[in-house]
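Observations on the three-dimensional arrangement
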There are 2 protein chains.
Amino acid sequence: MHINGDLLLSSLRASGLRITGARRAVCQVLAESHDDHLTAADLHKRVEALTGKPVDPSTIYRIIDVLEKAGHLRHVHFGHGPGVVHLVDQGAHHHIVCETCGRTADLALDELGDLTELLGAHGFSLGSTHFAIVAQCGDCA
Amino acid sequence: MHINGDLLLSSLRASGLRITGARRAVCQVLAESHDDHLTAADLHKRVEALTGKPVDPSTIYRIIDVLEKAGHLRHVHFGHGPGVVHLVDQGAHHHIVCETCGRTADLALDELGDLTELLGAHGFSLGSTHFAIVAQCGDCA
DNA sequence: CTCGATGCAAAGGTTTTGCACCAGG
DNA sequence: CCTGGTGCAAAACCTTTGCATCGAG
């Protein structure tokens, strides 16, 4: 089951936050592009296309921030370039991204046992999905 | 055994490149801070301290570029913040960095079997040490 | 009416680039 | 000399922030 835009909005309202046109549009776009990894710029374009009105980039970043603090959104860094954003309804996952072409794959948390061990041997623990693992995909290797 | 600055310089000369004051200083600083991960800004500061003369930041970046193309240097990204640079004399290694405090650890390539398998299961291969794996160290977790 | 949200513009930090001048070989 | 290296200044890129205004509740 996928989170829908209204659910996001009512969660905001429940926290005493206001429902504005921009927030409505961001939530709808996020809900519709549910399985995508959108950059702030992508989000911005789609929001403007949806509303027909100009929206300031800073507003997009602020809405991302609000949704992230509310726990609905996560933003992830894929090596170079802009960060990307995705909803977090169906459990967190880690990301692999191709350094060359940008193709991505998701890693379920229960696949990460060996990696956890490797990191543990050096006194580290995974514990964040904020940065992707950068690698090479089959086509680019 | 560690690469020393003169070795770097003679390699440059052997490629038909010129030995300048700035290049001499960068190579010496790199050789002396052999096991560190320096940012371009660190490098810049130490080069100016060593020569007593102002050096333009762009010159530092260009020298990094030259040394990297010559295969002596690698620059790595540790999550947010500036990239870091280190010599590559004793075999490539991968990096783990703590997302919170920035502490780093090196992963020898022969420790990466499991990670290689994990990535392979998704059609990816490691094959670059250009981006660190971002995690949490014991103190910050 | 009131406070939160937005637009605008500017700055932030790192890195790159264009261009004219300088200097290594 | 002559080409490559450097300084300077500006831009590029993504994101954040200050401040005045707008609008949701």
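For the structure itself, consult the block above.
Residues numbered from 1 in each chain as written. Chains lettered and ligands numbered in written order. Predicted model: local features only at pLDDT ≥ 70, side-chain atom pairs only at ≥ 80, totals over all residues. Heavy atoms only, no water.

Neighbouring strands of a sheet are bound in pairs by backbone hydrogen bonds; such pairs are parallel or else antiparallel. An order of β6(A)-β7(B)-β4(B)-β5(B) is seen for the four strands of this open sheet, with the pairing classed as mixed. Edge strands, defined here as strands with exactly one partner in the open sheet, are β6 (124–125) of chain A together with β5 (104–108) of chain B. As paired strands, strand β4 (residues 93–98) of chain B and strand β7 (residues 133–137) of chain B are joined by three bridges and run parallel to one another. From the neighbouring strand, B:C98 faces β7(B), where its bridge partner is B:A135. (Pairing = 2+ DSSP bridges. Helix = DSSP H or I, 4+ residues; strand = E, 2+ residues; numbered from the N terminus.)

This part covers the interface of chain B and chain A. Listed as interface residues are 34 residues of chain B and, on the opposing side, 34 residues of chain A. Across the interface of chain B and chain A, roughly 2800 Å² is buried in total on both sides, 67% from carbon and sulfur atoms. Where chain B meets chain A, there are 10 residue pairs in polar contact (both at pLDDT 80 or more). Mapped onto the side of chain B that touches chain A, the elements with two or more residues apiece are β4, β5, α5 (113–120), β6 (124–125) and β7 of chain B. When residues in the side of chain B that touches chain A are grouped by element, the largest group, five residues, is from β7(B). Of the residues belonging to the side of chain B that touches chain A, the class tally is 17 nonpolar, 12 polar and five charged. In the sheet, β6(A) pairs with β7(B) via two bridges, with the strands oriented antiparallel. Counted as the bridge partner of A:F124 is B:C137 from β7(B). (Contact = heavy atoms within 4.5 Å. Buried area = accessible area lost by both parts, 1.4 Å probe. Polar contact = N/O pair within 3.5 Å; in protein donor to acceptor, adjacent residues only side chain to side chain. Nonpolar A, V, L, I, M, F, W, Y, C, P; charged D, E, K, R; others polar.)

Bringing helix α1 (residues 5–14) of chain A into the picture now. Residues and elements named next belong to chain A. Those residues of α1 lying buried are G5, L8, L9, S11 and L12. The buried residues of α1 occupy an angular sector of 160° when the element is viewed end-on, so they sit on one face. Residues D6, R13 and A14 are exposed on α1 and point more than 90 degrees away from its buried face. If you follow the buried residues of α1, they end up packed against α2 (21–32), α4 (57–69) and β3 (84–87). (Buried < 20%, exposed > 50% of the residue type's maximum accessible area, 1.4 Å probe, protein only. Arc of directions from axis to C-beta.)

Bringing the protein's contact with DNA strand D into the picture now. Around DNA strand D, the surrounding shell holds 18 residues, and the nearest of these are A:R18, A:Y61, B:R18, B:T20 and B:T59. Among all atoms of DNA strand D positioned within 4 Å of the protein, those belonging to sugar or phosphate total 61%. A distance of 2.4 Å separates a base oxygen of DNA strand D from a polar side-chain atom of B:R18. B:R23 places a side-chain nitrogen or oxygen 2.7 Å from a phosphate oxygen of DNA strand D. (Near = heavy atom within 4 Å.)

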